[in-house]
Amino acid sequence: MAGITIGKEPLARIRSDNSSTFRRVFFSINWLLLLVAFALVCIGLLTVRSATQGRSLYSFNRQLMGVGISIGLMVAFWAFDYRQWERFSGPLLVLSILFLVAPMVPGLGDEVDGGRRWISIFGQQVQPSEFAKIIVILMMASLLAKYKGKLGSSREYLKCLGYMFVPMVCVMVQPDLGTALVYLAIGMTVLFVGGANRWYIALTVVIGSVFVIGVLTVDPILDGFFGRDVLLKEYQVNRLLVFLNEDLDPTGLGYNLRQSKIAIGSGGWTGVGYMQGTQSGLGFLPAAPTDFIFCVLAEEFGFFGALVLISLYVALILICLRVALRADAFGALIVAGCIGMWVFQVLQNIGMTCGLMPITGIPLPFMSYGSSFMVVNFCAVGLIASISMRSALDAQARPSINTAIIRNIDK
């Protein structure tokens, strides 16, 4: 009997260790992050279903399939140890370039609305510039983590700017100014959090502003001389003109902005009811499932619905900030890049529908129609979940390590 008892002890110990490991992992998962992300995507699916009714160009079932693929990739990023990405800043830059030039390859890229931003894979259109957002986040975080929070050298700062501007230039050639601005937001956020000299950042902003003013001044002169668009496309200039004066052409250039404001205003406090919106349902609101999805929500669920959505975005950012504060340098920079991406896209998308920002093709995170865009958002959630879980597990391991050291000293 004694032999049987001794033989059972290792098995019991193994079961106890497995149970303990499961509990540690389970309680290390950032459930609040996942809850907020899934709440956002559920609201997005409801709104997309309403916005796509009667629109043959959009498929709600395809959006559901995109969410399913996104969740699978989120789990993959979550399971993978994010620290393995830290030593690949160079390869990540090359990978981002390959992604961004792919639509320009004859026979591979598809031209949509005058731009080459898509490629066809097994009959499905994929937007590589969306996937490159995650690559840019990892690349910039990997690059800045090496400086341990202090980037005071002008030479090294210019090197980091070069890494940031390469994918920006590649995506502007497509042309896709909106996505290029997202890359800029990611890069500048990571630079700021990574400890770049504040004067260098301020000087970069000033030079960038002067450059933009110079482009806007010189562009019409060059267009007149060459007889074609040289620096900016005509629709990009028109969007800026409408932003400065929305009454410039209310039935033409200013039509989108005017209809989006009507949709938001008609929602009132509580909205007109789910799938009862006239602006989207009757086709007055262009690009309702994509760029102007916020207007659909605001019309059908009113001010309170919009407030719930914005509150969820605020909660998501606060959760991410808490994760960043508990993470190592590389993890904190990844989270900073994700925050920069989400904050800019939310402010730009909602701002343009209200007339506070120029109209661009920047979609609303977790809400807008599009599988490529949805995949990127969930991959970011997977990265942050991986950082959060491993930071928590490392924090749990430290007391046991300290206890073991103390025991050795006592011996």
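All residue numbers refer to positions counted from 1 along the written sequence of the respective chain. Side-chain atom pairs in this predicted model are given and counted only at pLDDT of 80 or more, local residue features only at pLDDT of at least 70, and totals for whole chains, interfaces and linings cover all residues. Values reported for side chains reflect all heavy atoms of the structure, with hydrogen atoms and water molecules removed beforehand.

## Side note on the pattern of salt bridges
Think of a salt bridge as a Lys or Arg side-chain nitrogen and an Asp or Glu carboxyl oxygen that are within 4 Å of each other. Counted by the stated rule, this structure contains three salt bridges. For Asp81, the salt bridge goes to Arg390, with nearest N and O atoms at 3.7 Å. With Asp81 in the loop between α3 (60–79) and α4 (89–101) and Arg390 in helix α14 (residues 371–410), this residue pair connects regions lying 309 residues apart in the sequence. Assigned by exposure class, Asp81 and Arg390 land together as buried. The residue Glu130 makes a salt bridge to Lys133 at a minimum N-O spacing of 2.8 Å. Pair noted here: Glu130 and Lys133 are both in helix α5 (residues 128–145), with a separation of three residues, about one helical turn. Pair check on accessibility: Glu130 and Lys133 agree, each one buried. Secondary structure elements follow DSSP: runs of H or I of four or more residues count as helices, runs of E of two or more count as strands, with numbering from the N terminus. Throughout, exposure labels follow a simple rule: accessible area from a 1.4 Å probe, protein chains only, divided by the maximum for the residue type, with under 20% read as buried, over 50% as exposed, and the rest as partly exposed.

## What to know about helix α10 (residues 255–266)
Given a helix with a known number of residues, its expected span is that number minus one, times 1.5 Å. Helix length check: α10 (twelve residues) gives 16 Å between terminal C-alpha atoms against 16 Å at 1.5 Å per residue, within 8%. Buried within α10 are the following residues: Leu257, Gln259, Ser260 and Ala263. Projected down its long axis, α10 shows its buried positions confined to an angular sector of 165 degrees, all on one face. Gly268 sits one or two residues past α10 and shows a positive phi near 60 degrees. Of all possible arcs, the one meant is that of the directions from the helix axis to the C-beta atoms.

## A closer look at a nonpolar patch on the surface
Here the term patch refers to residues with relative accessible area over 30% and no salt bridge, with like charges joined within 9 Å and nonpolar side chains (Val, Leu, Ile, Met, Phe, Trp, Tyr) within 5 Å. Using a 1.4 Å probe, the Shrake-Rupley method yields the accessible areas, and only the shown protein chains count as cover for residues. Where nonpolar side chains cluster on the molecular surface, the patch consists of Val94, Leu95, Leu98 and Val101 and spans about 320 Å² of accessible area. Turning to its location among the elements, Leu98 is positioned in helix α4. Look at Leu98 and you get exposed, because its relative accessible area is 53%.

## Thoughts on the nonpolar core
Formed by 104 residues in total, the largest nonpolar core has its most connected members in Ile134, Met140, Leu144, Leu191, Ile334, Trp342 and Leu364. It is helix α12 (residues 293–326) that provides the largest number of residues to this core, a total of 16 residues. What makes two residues a contact is simply this: any of their non-hydrogen atoms within 4.5 Å. Every residue in contact with Met140, bar those within four places of it in the chain, is listed here: Cys160, Tyr163, Met164, Gly187, Val190 and Leu191. Buried residues of nine kinds, namely Ala, Val, Leu, Ile, Met, Phe, Trp, Tyr and Cys, make up a nonpolar core once their side-chain atoms join them within 4.5 Å.

## Some words on the side chain of Thr204
Along the polypeptide, Thr204 turns up in helix α8 (residues 198–226). For Thr204, a relative accessible area of 17% translates into the label buried. Under this definition, polar contacts are N or O atom pairs within 3.5 Å; protein pairs additionally need one hydrogen-donor-capable and one acceptor-capable atom, and for neighbouring residues in sequence, both atoms have to be side-chain atoms. Separated by 2.7 Å, the side chain of Thr204 and the backbone oxygen of Tyr200 make a polar contact.

## A few points about the packing of aromatic side chains
Stacked, edge-to-face and tilted are the three classes for Phe, Tyr and Trp ring pairs, Trp counted by its six-membered ring, which pair at centre distances within 6.5 Å; planes under 30 degrees apart are stacked, over 60 edge-to-face, the rest tilted. One pass over the structure, following the stated rule, counts eleven aromatic pairs. When the centroid spacing of 6.2 Å and the interplanar angle of 20 degrees are considered together, the rings of Tyr82 and Phe330 count as stacked. In this pair, Tyr82 is assigned in the loop between α3 and α4 and Phe330 in helix α13 (residues 329–353), connecting sequence segments 248 residues apart. Grouping residues by exposure puts Tyr82 and Phe330 together as buried. Ring centres 5.1 Å apart and planes at 75 degrees place the aromatic pair Trp269 and Phe303 in the edge-to-face group. Note that Trp269 is positioned in the loop between α10 and α11 (278–281) and Phe303 in helix α12, a separation of 34 residues in sequence. An aromatic cluster is built from Phe38, Trp342, Phe366 and Phe378, whose rings are joined through pairwise contacts. The criterion is that NZ of a Lys, or CZ of an Arg, lies within 6 Å of the ring centre and within 35 degrees of the ring normal, and then a charge sits over that ring. When the ring centre of Phe192 is taken as reference, the NZ or CZ atom of Arg198 above it lies at 4.0 Å.

## Some remarks on the environment of Ile201
Looking at the element boundaries, Ile201 is found in helix α8. Residues Ile201 and Met188, spaced 13 residues apart in sequence, show a C-alpha to C-alpha distance of 7.9 Å. Leaving out residues up to four positions away in the same chain, Ile201 has contacts with Tyr157, Met188, Leu191, Phe192 and Ala196.

## Examining the layout of surface pockets
Taken as a whole, the second largest pocket encloses approximately 270 Å³ of empty space. Taken together, 13 residues line the second largest pocket, and the ones lying closest to its centre are Asn30, Arg322, Val323, Arg326 and Ser388. Listing elements by their share of the lining of the second largest pocket, those giving two or more residues are α1 (2–28), α12 and α14. Of the residues belonging to the lining of the second largest pocket, the class tally is seven nonpolar, four polar and two charged. Throughout, the protein atoms alone are placed on a 1 Å grid, and a set of points is a cavity if a 1.4 Å probe fits but cannot get out or a pocket if it is open with protein on both sides within 12 Å along at least five of seven lines; lining residues have an atom within 4 Å of a point. Grid points are joined across faces, edges and corners, and a volume is the space filled by probe spheres set on the points. Classification convention: Asp, Glu, Lys, Arg as charged; Ala, Val, Leu, Ile, Met, Phe, Trp, Tyr, Cys, Pro as nonpolar; all other residues, Gly among them, as polar.

## Brief notes about the packing of helix α2 (residues 31–51) against α12
Between the N-to-C directions of two axes lies an angle of 0 to 180 degrees, each axis being a line fitted to C-alpha atoms and, for a helix, fitted only over the stretch in contact. Where α2 meets α12, the axes come as close as 10 Å, and the angle between the chain directions of the two elements is 160 degrees. With respect to α12, the element α2 is oriented roughly antiparallel. Helix-helix and strand crossings are classified by hand; for α2 and α12 the assignment is left-handed. Counted together, Leu32, Leu33, Val36, Ala39, Leu40, Ile43, Thr47, Val48, Ser50 and Ala51 of α2 and Ile293, Val296, Leu297, Glu300, Val308, Leu309, Leu312, Tyr313, Ala315, Leu316, Ile319 and Cys320 of α12 form the full contact between these two elements. Its residues assigned to classes, the contact of α2 with α12 shows 19 nonpolar, two polar and one charged. Should an angle fall under 35 degrees it is called roughly parallel, over 145 degrees roughly antiparallel, and 65 to 115 degrees roughly perpendicular, with every other angle called oblique. The sense of a crossing depends on the near helix, which, turned anticlockwise from the far helix by less than a right angle, makes the crossing left-handed and, turned clockwise, makes it right-handed.

Structural measurements only, silent on function.
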